[in-house]
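Okay, here's what each chain looks like letter by letter:
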Amino acid sequence: VFILDLDDKSPTPLYRQIIDRIRRLIESGTLRVGERLPSTRRLAEQLGHHRSTVSTAYQELWSLGYIEMRPGSRPCVRARLSIIPAGGHEARGILDWERLSSGPARGIFADYRRFGLETAPIGASGPIDMASLDIDGRLLPLDQYRACLNRALRTYGTDLLAYGAPHGFRPLREYIAGRMNAHGVAATADEILITNGATHGIDLILRLIAAPGRIVVVESPTYRQVLPLLHFHGFREIEVPMRAGGMDLDVLAAVLKNQQPALVYTMPTFHNPTGISTGQAHRERLLSLCGRARVPILEDGFEEEMKYFGKIVMPLKSMDRDRIVIYAGTFSKVFCPGLRLGWITADRDCVDRLAALRRSSELSPNLILQAGLYEFCRRGYYDLHVQRMHRNFRKRMTTTLRLLKRTIPPAWAEWREPNGGYLVWLKLKPAGGRVPDWARLFTEHGVAIVPGRHFYRSGGDYSHIRLSISTLDEDEIAEAIRRIAKALSGIHRRKSHARRFS
Ligand SMILES: Cc1ncc(COP(=O)(O)O)c(C=O)c1O
């Protein structure tokens, strides 16, 4: 017996009710695989409705895979794969993604996992975050930004809902060109490519020049995201040590004499992780060495805007007579990383080639966010925000350096005072012969830091840690430094204690 209890008064159309009822009967097992349904005529008679209503319902049940229909016979219930409920974390298919991944992708994944495991969770009750280079959300002008996004949508309308140019939103490119001019770089909008942040810009450049076995010179230590990326693209890196004044240029000169690198990657201003900014003479010599060797320089200006102590050194790009410098900039470190917006400033030929590459993988950058940011910049809010960041971080870094000096004696640690930015690179002195696991020690004392060895291919640096103040206010900084000093005093007190009794 086949009873479908339909409701003539329901707003749901009758054919839809038939579908839902039969589906339910099949899914609950009341109707089993192979069982026959009434013919359209029989069911229509039984229900007292038009045959076409039943026919429409059967058609849809057939297209959803619930029933089979053959001419001349009654529809029957089909063995249909059931809908899979949302998988638990353990759900795994039969494919081995480790084996399917390319060797370079496996390398990137291994690095990603290792880093994840070694990064302490940060939360409300977790350690104070001196590890991340994120932004302090308390300083962000959220309401102004929201108004600018709205205004951009109102001004440009559906143009923002289309694909944009692979080079990026022209007005924003023009704004950035003007900004680069303010930093001494004579760039035009044609020489600007909008990227999804500086890291994306670096990736695009590497993709542009990648070939197996090519060499890229990096500073040692260097930005940790770049090392696995180099390997992914098949480069071999040469690490040139950082000295007090920047990359060791004598070493670089020797490298350039014997090899022909495809690129030199450098962070001349507020180098990550050491915080070092190079001086004018260093910049000039670097340009001259690379110019003579015809090797392009990738200048990562990620914290260019954070020169809040006013000691202005112009970017390499501003003195780039030979046009060998590709400059990567970003809005991440002074406004917000969540926007994922940055840029490349380079020769137009280079920019056009990068735009073509970007189009091959992601077509074009997010137009709505670019237009919102442009509006934010055009109205002068970006300038105001940069000034606010300067005011705050001038105080915050001054406090950091004062408290470090006051609480950590030279016997425990050494550091160089940065000219701006967010980073302090601490060289820790172990008590006795054994070097502690610094990250664990400080985490146990409630401060998350990044251990120095993360910034080298060859690892090996167990004496440095990187402190970032980018998300912390003065009170939080004071508390973090108090905890660091306490951790250090613990191990140094143990040492003097041990010496006294040995
Ligand atoms: C040296 C360096 N370059 C670039 C970036 C990243 O910038 P973006 O968010 O623009 O990709 C960072 C972020 O920490 C960095 O440290």
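Each remark here, short or long, concerns the structure printed above.
For every chain, the first residue of the written sequence is number 1, and numbering continues from 1 onward in sequence order. Whole-chain, interface and lining totals are the exception, using all residues; otherwise, since this is a predicted model, local features are given only for residues with pLDDT of at least 70 and side-chain atom pairs are given and counted only at 80 or more. Hydrogens and waters are ignored; side-chain quantities use all the structure's heavy atoms.

Could you clarify how one ought to interpret the pairing of strand β4 (residues 192-195) in this entry?
Residues in a regular strand point their side chains to alternate faces of the sheet. Each residue gets one of three labels from its accessible area relative to the maximum for its type: buried under 20%, exposed over 50%, partly exposed in between, using a 1.4 Å probe on protein chains only. In this text, helices come from DSSP runs of H or I with a minimum length of four residues, and strands from runs of E with a minimum of two, each type numbered from the N-terminal end. Of the two faces of β4, the one lined by I192 and I194 and the one lined by L193 and T195 are each fully buried. Alignment of β4 against strand β11 (residues 342-345), held across 4 bridges, turns out to be antiparallel. Residue pairing in the sheet places I194 in a bridge with W343 of β11. Two strands qualify as a pair provided that DSSP identifies no fewer than 2 bridges between them.

Looking at this structure, I do not really get the sheet that holds strand β13 (residues 423-428). What am I missing?
Through backbone hydrogen bonds, the strands of a sheet pair up, either in parallel or in antiparallel fashion. Taken in spatial order, the 4 strands line up as β12-β13-β16-β15 in an open sheet, and their pairing is antiparallel. Of all strands in the sheet, those with a lone pairing partner are β12 (413-415) and β15 (450-451), marking the two edges. Pairing analysis gives 2 bridges linking β15 to strand β16 (residues 464-468), with the strands arranged antiparallel. Bridge pairing links V450 to R466 in β16. Across the sheet, helix α14 (residues 381-407) lies against β12, β13 and β16, angled at about 15 degrees from β13, the strand it touches most. Note on definitions: a residue-residue contact is assigned when non-hydrogen atoms from the two residues lie within 4.5 Å. Orientation is described by axes fitted as lines to C-alpha atoms, over the contacting stretch for helices, and by angles from 0 to 180 degrees between their N-to-C directions.

Any chance you could explain the pattern of salt bridges here in plain terms?
If charged atoms from side chains of opposite charge come close, those side chains can pair. Any carboxyl oxygen of Asp or Glu within 4 Å of a side-chain nitrogen of Lys or Arg constitutes a salt bridge here. Considering all chains together, one arrives at 30 salt bridges under this definition. Between R170 and E174 there is a salt bridge, with the nearest N and O atoms lying 3.3 Å from each other. You can see R170 and its partner E174 sitting in helix α7 (residues 170-182), 4 residues apart, about one turn around the helix. Among the residues examined, R170 registers a relative accessible area of 36% and is labelled partly exposed. Of the residues examined, E174 reaches a relative accessible area of 45% and is grouped as partly exposed. The network of salt bridges with shared partners includes D136, R138, R396, D473 and E476.

Can you help me understand a nonpolar patch on the surface in this one?
Any residue with relative accessible area above 30% and no salt bridge may belong to a patch, with like charges joined within 9 Å and the nonpolar Val, Leu, Ile, Met, Phe, Trp and Tyr side chains within 5 Å. Reported accessibility uses the Shrake-Rupley method at a 1.4 Å probe radius. Residues are deemed covered only where the shown protein chains occlude them. Together, I94, L95, W97 and L100 make up a nonpolar patch on the protein surface, roughly 540 Å² of accessible area in all. As for its placement among the helices and strands, L95 is situated in the loop between β2 (76-77) and α4 (97-100).

Which parts of the structure should I look at to understand the side chain of K317?
Counting through the fold element by element, K317 comes out in the loop between β9 (297-300) and β10 (325-330). The class of K317 is buried, set by a relative accessible area of 10%. Think of a polar contact as two N or O atoms within 3.5 Å of one another; within protein, one of them needs to be a possible hydrogen donor and the other a possible acceptor, and neighboring residues in sequence only count if both atoms come from side chains. Engagement of the side chain of K317 in a polar contact is seen with the side chain of D320, the distance being 3.0 Å. Apart from the residues within four sequence positions on either side, K317 is in contact with V185, E299, V325, Y327, T345 and A346.

Even after reading the chapter, I still don't get the site of the ligand, so can you show me in this structure?
Near the ligand you find 14 residues, and of these A198, T199, D300, T330 and S332 are the closest. The side chain of T330 places a nitrogen or oxygen atom 2.5 Å from an oxygen atom of the ligand. Side-chain polar atom of R340 to an oxygen atom of the ligand: 2.9 Å apart, as the coordinates give it. Under the grouping applied here, Gly and all other residues not named as nonpolar or charged are polar, the nonpolar ones being Ala, Val, Leu, Ile, Met, Phe, Trp, Tyr, Cys and Pro and the charged ones Asp, Glu, Lys and Arg. Residue composition of the shell around the ligand, grouped by class: 6 nonpolar, 5 polar and 3 charged. Any residue with at least one heavy atom within 4 Å of a molecule or strand is counted as near it.

When you look at the packing of helix α2 (residues 40-47) against helix α3 (residues 51-63) in this model, what are you seeing that I'm missing?
Where α2 contacts α3, the two axes come as close as 8 Å, and the packing angle between them is 120 degrees. The angle between α2 and α3 places the two elements in the oblique class. α3 is crossed by α2, and the crossing has right-handed handedness. Along the contact surface, α2 presents T40, R41, L43, A44 and L47, while α3 presents R51, V54, S55 and Y58. Class assignment of the residues belonging to the contact of α2 with α3 gives a composition of 5 nonpolar, 2 polar and 2 charged. Reported orientations rely on four angle classes, namely roughly parallel under 35 degrees, roughly antiparallel over 145, roughly perpendicular from 65 to 115, and oblique for the rest. The sense of a crossing depends on the near helix, which, turned anticlockwise from the far helix by less than a right angle, makes the crossing left-handed and, turned clockwise, makes it right-handed.

Help me understand the layout of surface pockets in this model?
A probe as big as a water molecule, rolled over the atoms, marks out the empty space that is left. There is about 380 Å³ of room inside the second largest pocket. Each cavity reported here is a set of points on a 1 Å grid over the protein atoms alone in which a 1.4 Å probe fits but cannot get out, each pocket an open set with protein on both sides within 12 Å along at least five of seven lines, and each lining residue one with an atom within 4 Å of a point. As for the second largest pocket, its lining consists of 22 residues, and the residues nearest its centre are D111, R114, R224, Y456 and R457. Counting only elements with at least two residues in the lining of the second largest pocket, the list comes to α5 (103-118) and α9 (226-232). Broken down by element, the residue count for the lining of the second largest pocket peaks at 9 residues, all from α5. The class makeup of the residues in the lining of the second largest pocket is 9 nonpolar, 7 polar and 6 charged. Grid points are joined across faces, edges and corners, and a volume is the space filled by probe spheres set on the points.

Would you mind showing me how to read the sheet that holds strand β8 (residues 263-266) here?
The strand order across the open sheet formed by 8 strands is β4-β11-β10-β9-β8-β5-β6-β7, and the pairing between neighbours is mixed. Two strands lie at the open edges of the sheet, namely β4 and β7 (246-247), each paired on one side alone. For strand β5 (residues 215-220) and β8, the ladder comprises 3 bridges, and the chain directions are parallel. Opposite V218, over in β8, you have Y265 as the bridge partner. Strands β7, β8, β9 and β10 of the sheet are contacted by helix α11 (residues 280-293), whose axis makes an angle of about 150 degrees with β9.

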